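Chains, contacts and geometry: an overview
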Amino acid sequence: MNEWREIADMDGINVGLANLVALVPDNGTNLNQAFLAISSMEQPPDNIFLITDGLPTLGGTDKTMDFGSFEKISPEGRLDLFEKAKRNLPANIRINVLLLPLDGDPHAAAEYWDLARSTGGAFVTPTKDWP
């Protein structure tokens, strides 16, 4: 559903939040799909709060991996997917990033920091002793 809710529509907001809480991530992350969905909105947001554990592991517009049938994608492959996804991000949207990093993703912090900085957003990540 690509429509905005009025702040006074508590029932609609609660349904949306319940749907969000019920959503369990699996099979990797596809930032390209998220950015394409945003770009297709009639009234795109002026702020996005992106909560992530690292660079994307899936690409394209479906749930198939761009890098064959490998069980793991390389850090360079993840960086490539991130760069491709950024091309589908509409202009003039502030991206605020909360990065909860995992091991094995050396480019994530720098890339998300640069995305937040270049769009006028904020970048937040926990200390290196997390979790």
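Residues numbered from 1 in each chain as written. Predicted model: local features only at pLDDT ≥ 70, side-chain atom pairs only at ≥ 80, totals over all residues. Heavy atoms only, no water.

Turning to helix H3 (residues 75-86), a few remarks are in order. Taking 1.5 Å as the rise per residue, H3 with 12 residues should run 16 Å; its terminal C-alpha atoms sit 17 Å apart, in good agreement. Considered for burial, the residues of H3 that qualify are Gly77, Arg78, Leu79, Leu81, Phe82 and Ala85. (Helix = DSSP H or I, 4+ residues; strand = E, 2+ residues; numbered from the N terminus. Expected span 1.5 Å × (residues − 1). Buried < 20%, exposed > 50% of the residue type's maximum accessible area, 1.4 Å probe, protein only.)

This part is about the pattern of salt bridges. Tallied over the entire structure, the rule returns 5 salt bridges. The residue Lys86 makes a salt bridge to Glu83 at a minimum N-O spacing of 3.6 Å. Separated by 3 residues within a single helix, Lys86 and Glu83 lie in helix H3, roughly one turn from each other. You can call Lys86 partly exposed: its relative accessible area is 23%. (Salt bridge = Lys/Arg side-chain N within 4 Å of Asp/Glu carboxyl O.)

Further remarks concern the nonpolar core. Core analysis: the largest hydrophobic core is formed by 18 residues, its most contacted members being Leu31, Ile95, Val97 and Tyr112. Within the residue set of this core, elements represented by two or more residues are helix H2 (31-39), strand S1 (47-52), H3, strand S2 (94-99) and helix H4 (108-119). Top contributing element to this core by residue count: H4, with 4 residues. Aside from chain neighbours lying at most four places away, what touches Tyr112 is Leu31, Leu50, Thr52, Gly54, Leu55, Pro56, Phe82, Val97, Leu99 and Phe123. (Core = buried A, V, L, I, M, F, W, Y, C linked by side-chain atoms within 4.5 Å. Contact = heavy atoms within 4.5 Å.)

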